[in-house]
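# Observations on the model geometry
Okay, here's what each chain looks like letter by letter:
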Amino acid sequence: MLLKSNSSGSSSKVKCSCPHIGGPDTPTFGTGMGVVCCDRLRCTKCDLTVISFDNYNWKGDVDYMFFRNCYPSEDKLMTKLDKEPGCRAYTCQCTWTGVCKPERLDFNSPLRWVCGGH
């Protein structure tokens, strides 16, 4: 479901009301019907854009300080990614996850990511 936000009165942004994350085979916003992954996520904890890597997943030894020091450098982040077809690795500066099938982001999710608007 999509919502229109019109705070300034002159322009409106479309936002995902229940954003999803998922693997690279899950369509992104504007490319499909049904469950679609939001490709404009923003973290409400660190207030930064969430970036993703198609067909990769995070190695088991990643930790908070790695992301604090390496975000947003894709070259540095790639050092802790393993190739995993069908999965997508996501991160902001404070939180990370890897998924292979669609997952809904809601208030019960430990991920504090919301749609930043399309």
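Residues numbered from 1 in each chain as written. Predicted model: local features only at pLDDT ≥ 70, side-chain atom pairs only at ≥ 80, totals over all residues. Heavy atoms only, no water.

With that settled, consider the nonpolar core. One finds Ile21, Leu41, Tyr90, Cys92 and Trp113 to be the most contacted residues of the largest nonpolar core, which totals 16 residues. Mapped by element, the contributors of at least two residues to this core are strand 4 (41-43) and strand 9 (113-115). (Core = buried A, V, L, I, M, F, W, Y, C linked by side-chain atoms within 4.5 Å. Buried < 20%, exposed > 50% of the residue type's maximum accessible area, 1.4 Å probe, protein only. Helix = DSSP H or I, 4+ residues; strand = E, 2+ residues; numbered from the N terminus.)

Below, the discussion takes up the state of the cysteines. Scanning the entire structure with this criterion turns up one disulfide. Across the disulfide, Cys87 is cross-linked to Cys100 (sulfur-sulfur distance 1.7 Å). Residues Cys87 and Cys100 are joined by a disulfide whose S-S torsion is about 70°; by sign, that bridge is right-handed. Here Cys87 is found in strand 6 (residues 81-91), whereas its partner Cys100 is found in the loop between strand 7 (96-99) and strand 8 (103-104), with 13 residues between them in sequence. Residue classification places Cys100 among the partly exposed positions, given a relative accessible area of 42%. Free cysteine: Cys43, not disulfide-bonded; nearest cysteine sulfur from Cys94 at 3.7 Å. (Disulfide = S-S within 2.5 Å.)

Right, let's talk about the sheet that holds strand 7 for a bit. Ordered by their spatial adjacency, three strands build an open sheet running 5-6-7, and the pairing between neighbours is antiparallel. Among the strands making up the open sheet, the edge pair consists of strand 5 (51-58) and strand 7. On average, adjacent strands in this sheet sit at an angle of 35° to one another, irrespective of strand direction. By the bridge criterion, four bridges tie strand 6 to strand 7 in an arrangement that is antiparallel. Opposite Thr91, over in strand 7, you have Trp96 as the bridge partner. (Pairing = 2+ DSSP bridges. Axes fitted to C-alpha atoms, helices over the stretch in contact; angles between N-to-C directions.)

Tracing the chain through its elements places Gly117 in the segment after strand 9. Judged by its relative accessible area of 7%, Gly117 falls in the buried class. Taking the C-alpha atoms as reference points, Gly117 and Arg40, separated by 77 residues in sequence, lie 6.4 Å from one another. In this structure, Gly117 is in contact with Lys13, Val14, Lys15 and Arg40, ignoring residues within four places of it in sequence. (Contact = heavy atoms within 4.5 Å.)

Here we take up the side chain of Thr97. For Thr97, the position within the fold is in strand 7. When residues no more than four places from it in sequence are discounted, the contact partners of Thr97 are Ile21, Trp58, Arg88, Ala89, Tyr90, Leu111 and Trp113.

Turning next to the pattern of salt bridges. Throughout the structure, instances matching the rule amount to four salt bridges. One salt bridge connects Lys59 with Asp82, and the closest N-O pair in it is separated by 4.0 Å. Residue Lys59 is found in the loop between strand 5 and helix 1 (64-70), and its partner Asp82 is found in strand 6; the two are separated by 23 residues along the sequence. The exposure class of Lys59 is partly exposed, given its relative accessible area of 29%. (Salt bridge = Lys/Arg side-chain N within 4 Å of Asp/Glu carboxyl O.)

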